[in-house]
Amino acid sequence: MPYGKGTRLPGEAASKLGHLAVIESPWVKSLVEDFESAPAVDGDPSNTVWQEFDPSGIDPLRSIWAVDGSFVPVRSEQKPPREVAFVKTALLMLDKAKLEAIDKDLPHPLLLRDALKDTGVQHATVFPLKNVRTSIGTNFEAVRNIVRDSILIDQGGAFHETMKWLAYKNWVPNSTARSPAFQCPHCRKDISDGLANGADAGLCPHCGVEVYLSDLWGFHMEMGEDSAPESLASSYMLVMEHLMLFTAVRLMWHHSDRSLVTDTLFIKDGPLTLRSQYSKMVPNIREFLEHAKTSLRPVHIIGQEKSGFFFDHLTSIVRFAAPQNRGEPLTFSPLTHSYVHREVYRSPDVANPYGLKTNWGEKMYVKVDPGAFMVLNVPTGEYKPESDWPSTDNLIGLKRILATLPSLVSHKFEGALYPVELANGIASMSSYPSAAILQRFLEERASR
Ligand SMILES: [Zn+2]
């Protein structure tokens, strides 16, 4: 997803609200008055605790991998309109030495392109959303099979292998683990024992129909029999970003140069989160990262959030934090679960600990210099529900990550990172064929 434009809005003409009848309510009146007066704040109301980072003696990470994705729904002009969604993801490796030679304020586009090694990998697929029929089955079956085939066919099956690696915990030598539990797409009963170790597919113990390992993500839970919502495309994008990132991690983990995986920074655009039914893989991801940490081969991963609650909150408080001048030390602040509930979501009394089922990284604010600040997610391996968790020591490889960050900051957008910008350029809409071509593609298909 692209970086947002400047976030500072011009003053709102709030008094436009004055003509509403509801203004007679004392509650609404107070709300409008507070909104209009906007008292000047002279300190951080969240009392965020920032720590200074000292990079002396810490080795920056040697190579950088970044993953990003995008999707675009396309509608035909016929009645009823046919609709498909194209999804594209990209994984890039960057040469850090070349990246460091680039002028951060006025980057030369050719030098930037040059910093990309030819190890970049792209993946793309297309889903039927509405009124598209294939001759071999329903839309429901089409989506299930496209998910399986897209993961299976590309890159000689490397992404499918990574799905199995995560599902069956293949970082453990001779693992006998079964897959996580998931819902049968046919009878909708829970396959609570998962699939047998190593299986690509199996029979549902309840209805006897074949289920694929790729069904464990639960894409079918988003769909109707004859149509699928646009969110299916964003969910697939998210799953593929995870599979691509962990393909790089997996290959390096099993590489003969055992230090390779630990000397690399892996960057994912967006939070380190898998929501709702897609969260079934989260415990396994945490378990691998914990295993890597205790094996003294820590894996350095960050996710960057460029919009949303955390970004808005950081934007509102960052001016109170050091560094106030360029050249002063970088500062950072790991966010505890209670801070997230209290200050970011403003809902201190929620029942569940923050991120319990869905997050495989914890949140952190970083201010590199007065114009560069960001919301990062950093894994901890094992998750702890405590409200005062995590602290600095829980974030895997934090020191080396922070020692690497300043060389990756681009000044094109507030708090942008070059690797993410480049991955975004490859995965973005602009590199899709134009919408007109996509539409013609749809219409030609329809007339056959
Ligand atoms: Zn079944």
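See above for the structure.
Just so you know, these numbers come straight off a predicted model, no measurement behind them.

**Q** Honestly, the coordination of the zinc ion in this entry has me stumped. Any pointers?
**A** Ideal geometry at a metal gives 109.5 degrees between four tetrahedral donors and either 90 or 180 degrees between six octahedral ones. Looking at the metal site, the zinc ion is ligated by Cys 184 (SG), Cys 187 (SG), Cys 204 (SG) and Cys 207 (SG), spaced 2.3 Å from it. Considering all four donor atoms around the zinc ion, angles at the metal cover 106 to 113 degrees and the coordination shape is tetrahedral. One chain supplies every donor to the zinc ion, and in sequence these donors are spaced C-x2-C-x16-C-x2-C. Remark: Cys 207 occurs in the loop between β7 (201–203) and β8 (210–212) and Cys 184 occurs in the loop between β5 (182–183) and β6 (190–191); sequence separation between them is 23 residues. Using a relative accessible area of 0% as the deciding quantity, one classes Cys 184 as buried.

**Q** What should I look at first to understand the sheet that holds strand β9 (residues 264–269) in this one?
**A** Sheets are built from strands paired through backbone hydrogen bonds, the pairs being either parallel or antiparallel. Judged by pairing direction, the sheet is mixed, and its nine strands sit side by side in the order β1-β11-β12-β13-β10-β9-β2-β3-β4 without closing on themselves. Of all strands in the sheet, those with a lone pairing partner are β1 (51–52) and β4 (121–130), marking the two edges. Sheet topology places β9 next to strand β10 (residues 300–305); five bridges connect them, and they run parallel. Across the sheet, residue Asp 269 finds its bridge partner in β10, namely Gln 304. Here helix α8 (residues 309–317) sits on the sheet in contact with β10, β12 (362–369) and β13 (372–378), set at roughly 140 degrees to β13.

**Q** Looking at this structure, how should I read the pairing of strand β2 (residues 63–75)?
**A** Looking down a regular strand, the side chains alternate between one sheet face and the other. Counting buried residues along β2, ten of its 13 residues qualify, which places the element largely inside the surrounding structure. As paired strands, β2 and β9 are joined by five bridges and run parallel to one another. From the neighbouring strand, Ser 63 faces β9, where its bridge partner is Thr 264. Inspection of the sheet shows β2 paired to strand β3 (residues 83–94) by twelve bridges, in the antiparallel sense. In the strand pairing of β3, Ala 66 is matched with Leu 92.

Conventions adopted
- Residues numbered from 1 in each chain as written.
- Predicted model: local features only at pLDDT ≥ 70, side-chain atom pairs only at ≥ 80, totals over all residues.
- Heavy atoms only, no water.
- Donors = N, O, S within 2.8 Å, 3.2 Å for Na, K, Ca; no water.
- Tetrahedral: all angles 85-135°; square planar, octahedral: opposite > 155°, others 65-115°.
- Helix = DSSP H or I, 4+ residues; strand = E, 2+ residues; numbered from the N terminus.
- Buried < 20%, exposed > 50% of the residue type's maximum accessible area, 1.4 Å probe, protein only.
- Pairing = 2+ DSSP bridges.
- Contact = heavy atoms within 4.5 Å.
- Axes fitted to C-alpha atoms, helices over the stretch in contact; angles between N-to-C directions.

Any functional reading would require information beyond the geometric quantities listed.
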